[in-house]
Each structure stands twice: as structure tokens, then as C-alpha cells.
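For reference, the chains in residue letters:
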Amino acid sequence: WILMTTAQTPTNIAVIKYWGKRDESLILPINDSISVTLDPDHLCTTTTVAVSPSFDRDRMWLNKKEISLSSDRYQRCLREIRSRANEVEDEKKGIKITKKDWENLHVHIDSYNNFPTAAGLASSAAGLACFVFALARLMNVKEDLGKLSAIARQGSGSACRSLYGGFVKWNMGKNDDGSDSIAVQLADEKHWDDLVIVIAVVSSQQKETSSTAGMRECVETSKLIQYRAKEVVPKQVADMEAAIKYHDFPSFARLACSDSNQFHALCLDTSPPIFYMNDTSHRIIGCIEKWNRAEGSPQVAYTFDAGPNAVLIARNRKVAALLLQRLLFHFPPHPDTDLDSYVTGDKSI
Ligand code: DP6
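These figures come from a predicted structure and were not determined experimentally.

Rules used throughout
Along each chain, residue indices are assigned from 1 in the same order as the chain's sequence is written. Owing to the predicted nature of the model, reporting of local features is limited to residues with pLDDT of at least 70; listing and counting of side-chain atom pairs is limited to 80 or more, with chain, interface and lining totals taken over all residues. When DSSP finds two or more bridges between two strands, those strands count as paired. Numbered from the N terminus, helices here are DSSP runs of H or I no shorter than four residues, and strands are runs of E no shorter than two. Angles here are taken between N-to-C directions and fall from 0 to 180 degrees, while the axes themselves are lines fitted to C-alpha atoms, restricted in helices to the stretch in contact. For each residue, a C-beta atom is positioned from the backbone; the residue is called near a molecule or strand if that atom sits within 6 Å of it. Polarity classes work like this: nonpolar for Ala, Val, Leu, Ile, Met, Phe, Trp, Tyr, Cys and Pro, charged for Asp, Glu, Lys and Arg, and polar for all others, with Gly in that last group. In predicted models, pLDDT denotes the confidence assigned by the predictor to each residue on a 0 to 100 scale. In this description, a residue-residue contact is defined by the distance between C-beta atoms placed from the backbone, which must lie within 7 Å. Each residue after the first adds 1.5 Å to the expected span of a helix. Here the C-beta atoms are placed from the backbone, and a residue counts as buried if at least 20 other C-beta atoms lie within 10 Å of its own, exposed if 12 or fewer do, and partly exposed otherwise. Directions are taken from the helix axis to each C-beta atom, and the arc is the one they span. Working rule for angles: under 35 degrees goes down as roughly parallel, over 145 as roughly antiparallel, 65 to 115 as roughly perpendicular, anything else as oblique. Note on convention: near helix rotated counterclockwise from far helix by under a right angle means a left-handed crossing. Clockwise means right-handed. One nonpolar core equals one set of buried Ala, Val, Leu, Ile, Met, Phe, Trp, Tyr and Cys residues connected by C-beta atoms within 7 Å.

Q: Explanation requested: the sheet that holds strand S1 (residues 3-10) in the structure shown.
A: Strand pairing in a sheet relies on backbone hydrogen bonds. The paired strands run either parallel or antiparallel. Read across the open sheet, the five strands follow the order S1-S6-S11-S7-S8; overall the sheet is mixed. Single-partner strands in this sheet number two, and they are S1 and strand S8 (65-67). Across this sheet, the average inter-strand angle for adjacent strands is 20°, counted without regard to direction. Pairing of strand S7 (residues 59-62) with S8 involves three bridges; the strand directions are antiparallel. In the sheet register, Met 60 faces S8, and the bridge partner there is Ile 67.

Printed below as a string of C-alpha cells:
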């Protein structure tokens with residue numbers, strides 16, 4: 001027999017960035033962060049997990065290629081979920097798996113990203129969140145989403161925020177064991193429905209410095225990173241929470257843009273410096289800044305993760321349509337690019 005389940009998890013984009021760990025193995029951050037989760041039909045990971053007595057070991061495929069599950073991160077998530085597995089019964093198929101059986105059963109995991117992997121589009125966030133969620137469902141784990149977020153966090157920090165829709169805060173927590181370093185939902189996906197997220201894929205190449213390595217080098221060498229975490233982020237987080245609560249787009253946009261620029265300033269303050277953005281990213285920033293200034297009030301926010309791709313958040317659909325026109329005019333897609341992948345999806349379209 002074989003028993004399987006499929007889950008889908010969208011990626012999330014931080015508007016107040018997580019950058020820097022205080023514990024590398026438990027993945028505990030040095031500051032709180034806030035993100036917005038995209039709609040599930042765009043930029044998401046779909047993961048099917050299966051269990052069968054005929055499987056002789058745990059195996060995983062990512063985008064149809066087999067990958068190793070031996071990393072500490074995958075192993076920790078698997079262990080945490082397995083230890084919470086409960087009895088599963090499928091009467092129609094005549095299957096009964098006891099709590100004890102799970103210790104000796106192996107799983108096969110098939111995961112697929114509908115967007116470029118490791119190109120600064122938070123693929124690890126959607127991937128690890130989906131990995132944990134799908135396994136938890138297969139194994140009938142009864143923990144709430146907060147607890148599951150603490151497990152997903154151990155796979156990849158930003159993954160903990162992908163278990164919820166809408167706006168999500170990852171509380172850095174204080175405990176050494178990470179039990180209070182969990183994600184909470186600030187507002188659900190209907191709360192600020194006007195916003196439209198446009199992703200301009202500047203490059204779908206894999207980035208040179210992973211987020212994990214980049215933030216480690218930054219913590220080790222930047223003189224500014226601790227100052228940001230302790231003195232700057234707490235107020236930025238509080239202000240961002242208020243902007244979200246009251247649908248205050250001008251404050252939201254100013255905070256998101258300045259936090260993104262601050263994060264990239266930390267990357268430059270790393271030795272050797274890390275350049276995630278490229279000339280096109282810089283030109284996009286220039287274009288949005290100019291537009292926002294001309295309007296007298298921000299219409300579009302930009303934010304860039306560990307890669308050159310721009311995440312642009314328009315205040316409504318009308319602005320999003322103008323934004324697309326401007327992007328296509330100033331940054332014509334490469335002739336080989338299919339338009340759907342040039343400007344991909346959004347939160348509400
Ligand atoms: C720039 O979550 O990918 O996207 O915890 O080492 O797996 P690890 O790092 P990861 O870092 C994400 C960094 C970021 C900002 C963010 O998403 O908050």
C-alpha cells in the first residue's frame with residue numbers, strides 16, 4: 001500500500017527583513033521580521049509526501065531531480081515531525097499506521113517550485129514550509145500552526161512565516177531553545193486586498209552568495225548589523241505593524257523601501273562586501289523613487305531580498321497597471337523571455 005498527501009505553500013516576501021542569527025543551528029534570528037505571503041496560485045511550492053512499507057529509505061525530489069536529504073536542516077525537520085506523528089487510519093484502503101510504526105516507515109517527498117529556485121525569490125521559505133506542513137498532515141501531527149512554524153524555522157528561517165497567509169510577523173523570541181521564536185499572523189489575506197505585488201524577474205540565475213552564508217558573514221564582519229537589530233528594527237517593526245493595521249500605504253511604502261535599502265547597506269558593510277542587487281535593480285529603485293516623488297505620496301513600494309529581483313508593491317490595481325506599463329517601457333523584456341515569467345503574479349490578481 002501507499003498513502004500520500006499533497007500541500008501547497010506560497011512564498012513570502014519580507015517587508016522588514018530577517019538578517020542575522022543568534023543561533024546558527026536552531027536558526028534563531030537577531031531581530032523580528034514582517035512579511036507578506038503571496039497568493040497561493042503564484043510563486044508557490046507544491047509538495048507531495050508518500051509513505052509505504054516498500055520504501056527502504058527517505059528520499060526527496062526537487063523539481064523532478066533527486067536531492068539529498070542528509071543536511072541537518074532537513075533531518076531536524078523530519079525528526080521533529082516524526083516525533084509528533086500520530087495514528088493514521090484509512091478504512092477504505094485498509095491501512096492502519098500506529099504511532100510506533102512511524103519510527104520504521106520511510107517517506108518519499110516530491111517538491112516542485114513554480115518559480116526560479118534560489119534566485120532571491122524566497123524559494124527556501126515556501127519549500128521548507130511546505131515540507132513541514134505536508135509531512136505534518138501525512139503523519140497526523142496535531143500541533144497548531146505556531147508550533148509548526150517553529151519546526152519550519154529550523155529548516156529555513158523565513159519558512160516559518162509561510163505557514164500563514166496575509167501579513168505575518170516572526171517574533172525573534174528570547175528563549176535559548178527557540179520555543180518562542182515563532183510566526184504569528186498580523187492580518188489575514190483579506191485585510192489589505194487593494195495591494196498588488198508585481199515581481200520583476202531581473203535575473204533567474206542562482207545567486208552567488210546564499211542568504212545563509214551572506215548573513216553569517218555579515219554577523220561576523222559588519223559593524224552596523226547589531227546596531228540595526230537592536231536600535232533600529234524594533235521601531236521599524238512597530239511602525240510597520242501600525243501601517244498594516246490602518247492601511248497606511250505611504251508609511252508602509254517608506255518603511256518597506258528604507259528597510260530593504262538598510263538590509264543591502266548591511267550587505268555592503270560585510271567583508272568582503274556582498275552585492276545582491278545589480279544595475280537593473282538600481283535603475284528600478286531610481287524609477288520608483290522618481291515616480292513616488294512626482295506623485296507627492298508613494299504609489300509603489302520596492303523591496304529586494306538576497307538577489308537582484310524587484311518585488312514591487314502597488315497601492316492598488318490601477319497603480320499596478322501603470323507600473324507594468326512603465327516597467328515594460330523602461331525595461332523591455334529580453335526577446336527570449338516569455339512575458340508571464342518576466343512579470344509574475346501578485347497577491348490579489
Ligand atoms: C533576505 O530564510 O533564506 O530573504 O534561515 O539561513 O535559511 P536561512 O535564511 P533565509 O533568509 C532570508 C533572508 C531574506 C530576508 C527575509 O526573508 O526576511
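Q: Would you mind going over the site of the ligand with me for this structure?
A: For the ligand, the set of nearby residues contains 15 residues, the closest of which are Ala 14, Tyr 18, Ser 156, Gly 157 and Ser 158. Tallied by class, the residues present in the shell around the ligand amount to six nonpolar, seven polar and two charged.

Q: Quick question: what am I supposed to make of the confidence of the model for the chain here?
A: Should pLDDT be low for a region, the predicted coordinates there are not to be read in detail. On average, residues of the chain carry a pLDDT of 92, and 93% of them reach 70 or more. Here residues 339-349 scores under 50 on pLDDT; set against residues more than four positions off or in separate chains, the count is 34 contacts. Among the prediction metrics, the complex's ipTM stands at 0.99, with pTM recorded as 0.94.

Q: Can you help me understand helix H8 (residues 317-330) in this one?
A: Spacing of three or four residues puts side chains on the same side of an α-helix, whose turn is 3.6 residues. Here H8 contains 14 residues, and its C-alpha end-to-end distance of 20 Å stays within 8% of the 20 Å for a straight helix at 1.5 Å per residue. If you check which residues of H8 are buried, you get Val 319, Ala 320, Leu 323 and Leu 327. For H8, the angular spread of buried residues about the axis comes to 100°, placing them on one side. Away from the buried face of H8 by more than 90 degrees, exposed residues Lys 318, Gln 325 and Phe 329 are located.

Q: What am I meant to see in the packing of helix H5 (residues 225-245) against helix H6 (residues 249-268) here?
A: Two measures define how a pair of helices packs: the angle their axes make with one another and the distance between the axes. H6 packs onto H5 with a crossing angle of 160° between their chain directions and a minimal axis gap of 10 Å. Classified by the angle between their axes, H5 and H6 sit roughly antiparallel to one another. When the axes of H5 and H6 are compared, the crossing they make is left-handed. Mapping the contact onto sequence places Ile 225, Arg 228, Gln 236, Asp 239, Met 240, Ala 243 and Ile 244 in H5 and Ser 251, Phe 252, Leu 255, Asp 259, Gln 262 and Leu 266 in H6. Along the lines of polarity and charge, the residues of the contact of H5 with H6 split into seven nonpolar, three polar and three charged.

Q: In this structure, what is going on with the nonpolar core? I would like to understand it.
A: In globular proteins that are soluble, nonpolar side chains generally tend to be buried together. Counting residues in hydrophobic clusters, the biggest one holds 97 residues, and the most contacted among them are Ile 81, Ala 129, Val 132, Leu 135, Tyr 302 and Leu 312. For this core, the element with the highest residue contribution is helix H2 (residues 123-138), accounting for 12 residues. Apart from the residues within four sequence positions on either side, Leu 135 is in contact with Val 49, Ile 81 and Val 107.

Q: Help me out: how do you make sense of H6 in this one?
A: Under the 1.5 Å per step criterion, the end-to-end length of H6 is 28 Å for 20 residues, consistent within 8% with the ideal 28 Å. Where the residues of H6 are buried, they touch strand S2 (12-16), helix H4 (211-221), H5, strand S15 (300-303) and strand S16 (310-314).

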